[in-house]
Amino acid sequence: MTAVAATTEATASDTAPVPSRQALSYVLVTPARNEAALIEETIQSVIAQSVLPRKWIIVSDGSTDGTDEIVQRYARERDWIELLRLPERPDRHFAGKAGAVNAGYAHLSTLNSQLPGAPERSEGGSTSWDLIGNLDADITFGPDYLEFLLQKFSANPRLGVAGTPFVEDQDRLDQHSYAHQFANSSHVSGACQMFRRECFDEVGGYLSIKAGAIDWVAVTTARMKGWETRTFTEKLCFHHRELGVGSGAPGKLRMRFHYGRKAYLVGGHPLWEFLRGLFRMREKPFLLGSLWFIAGYAWAALRRSERAVSRELMQFHRAEQIARLRRAFRRACGN
């Protein structure tokens, strides 16, 4: 699959379809900060989908590079695309993404009765959409990608969060974070996270954590509250900005240090994170990357940095990690 195939041109007459009563409907929120170089490909991927969203809120987080103009051009031709502009802010951090997604969700909540095909509200408060997707502004995917995720939710009413792996090299589709025997398919990466609406409400949206892990916190909280979360490897999306090289992003080694520090902030078990650091020696920059990850965790621990999550979530996270270690040990012993 190529980026061209993933961004099939759609006509200006596209309008949001009216799903049947049995079909699940969805909306999208995309946080975008100075994404003019890539967001048009993402827009083209969405408008080429076999099942379109009822509404797509693209939240411009103080963009100054022409992002808004690109979005407005498509929004003028498709009433289901809407630009929501947030004020400019001087710094760039992950809490900004959380704020943008939550602002988009709050805006969507005010539009329920106005969305195409919205059912009349009953006394029980029926809603006009079932799923909400958090979609990055620098990814593309094939024309049946979102329909594929809808089908997974339709098949499993306890599925709270779903997504797929992303790849950065379209010539190496097997190179992603789920392409090994120890992959955690219950985690859903933040490039595209689809939530059942009830799950998103129970999770409380995204926490404003400057250091990051906002996507991870949301997915892990969903499991803690009893929802199933799953990455389905049958499909892929393409991430067009290499991690660690975006605007304002640190270099590769500093990024590994940041990941190690973040692992401490979200309450990762010391044994798990040490072994995780060693496991990273399989990826460039190999030994140095592994050491910088472990150093980041150790540095945060020695400083007794304040945790970014609740004690309840930290305990749940560590219990999951230890359970995975035990399963890996039993597999290694042939049991």
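The structure displayed is predicted, hence computed values, not measured ones.

Let us look at the overall build of the protein. Across its full length, the protein carries 11 helices and 10 strands. When burial is assessed residue by residue, the protein has 49% of its 335 residues classed as buried. Put simply, 82% of the contacts in the protein that link residues at least 6 apart link residues at least 24 apart. Accessible surface, the protein as shown: approximately 16,100 Å² in total, 53% of it carbon and sulfur.

As a further point, take the packing of aromatic side chains. Throughout the structure, instances matching the rule amount to 10 aromatic pairs. Seen in terms of ring centroids, Phe200 and Tyr206 are 6.0 Å apart; in terms of plane orientation they differ by 65 degrees. Their pairing is edge-to-face. For the pair Phe200 and Tyr206, a shared accessibility class is recorded, and that class is buried. Each ring, one from Phe257 and one from Trp292, has its centre 6.0 Å from the other, and the planes form 75 degrees; the classification is edge-to-face. Highlighted residues: Phe257 in helix H8 (residues 252–265) and Trp292 in helix H10 (residues 286–302), separated in sequence by 35 residues. Given the relative accessible area of 33%, Trp292 is considered partly exposed. Through successive ring pairs, a cluster of aromatic residues spans Tyr105, Trp129, Phe195, Phe200 and Tyr206. Lying across the ring of Trp129, Arg197 places its NZ or CZ 3.9 Å from the centre. Positioned above the aromatic ring of Tyr264, the side-chain terminus of Arg307 is 3.7 Å from the ring centre.

Attention now goes to a positive patch on the surface. Together, Arg326, Arg327, Arg330 and Arg331 give the surface a local cluster of positive charge. Within the fold, Arg330 resides in helix H11 (residues 311–332).

Taken together, Leu271, Phe274, Leu275, Leu278, Met281, Phe286, Leu287, Leu288, Leu291 and Trp292 make up a surface patch of nonpolar side chains, about 880 Å² in accessible area. Elements that contribute at least two residues to the nonpolar patch include exactly helix H9 (270–279) and H10. Per element, the largest residue contribution to the nonpolar patch is 5 residues, and it comes from H10.

We now examine the pattern of salt bridges. Evaluated as defined, the whole model comprises 10 salt bridges. Residue Asp144 pairs with Lys235 through a salt bridge whose shortest N-O separation is 2.8 Å. Of this pair, Asp144 sits in the loop between strand E5 (139–140) and helix H5 (145–155) while Lys235 is found in the loop between strand E9 (228–231) and strand E10 (237–239), placing the two residues 91 residues apart along the sequence. What makes Asp144 partly exposed here is its relative accessible area of 32%. Here Arg276 and Glu273 are joined by a salt bridge, their closest N and O atoms 3.1 Å apart. Residue Arg276 and its partner Glu273 are located together in helix H9, separated by 3 residues, close to a single helical turn. Overall, Glu273 belongs to the buried group, its relative accessible area being 3%.

Analysis parameters
- Each residue is numbered by its place in its chain's sequence as written, counting from 1.
- Owing to the predicted nature of the model, reporting of local features is limited to residues with pLDDT of at least 70; listing and counting of side-chain atom pairs is limited to 80 or more, with chain, interface and lining totals taken over all residues.
- To get the side-chain values, all heavy atoms of the structure are used, and hydrogens and water are removed first.
- Where helices and strands are cited, they refer to DSSP runs of H or I of at least four residues and of E of at least two residues respectively, numbered from the N terminus.
- Three labels apply to residues, based on accessible area from a 1.4 Å probe with only protein chains included: buried if under 20% of the type maximum, exposed if over 50%, partly exposed otherwise in between.
- Should any heavy atoms of two residues lie within 4.5 Å, those residues are considered in contact.
- Residue exposure ignores everything except the shown protein chains as possible cover, and the areas themselves are Shrake-Rupley values with a 1.4 Å probe.
- Whether two aromatic rings pair depends on their centres lying within 6.5 Å, for rings of Phe, Tyr and Trp, where Trp uses its six-membered ring; planes under 30 degrees apart make the pair stacked, over 60 edge-to-face, and the rest tilted.
- We count a charge as sitting over a ring when the NZ of a lysine or the CZ of an arginine lies within 6 Å of the ring centre and within 35 degrees of the ring normal.
- A patch is a set of surface residues, each over 30% in relative accessible area and not in a salt bridge, joined within 9 Å for like charges and within 5 Å for the nonpolar side chains Val, Leu, Ile, Met, Phe, Trp and Tyr.
- The salt bridge criterion pairs a side-chain nitrogen of Lys or Arg with a carboxyl oxygen of Asp or Glu, the two atoms within 4 Å.
- Within this scheme the basic residues Lys and Arg register as positive and the acidic residues Asp and Glu register as negative, but His and the chain ends are omitted.
- Working definition for charges: the position is that of NZ of Lys, CZ of Arg, CG of Asp or CD of Glu.

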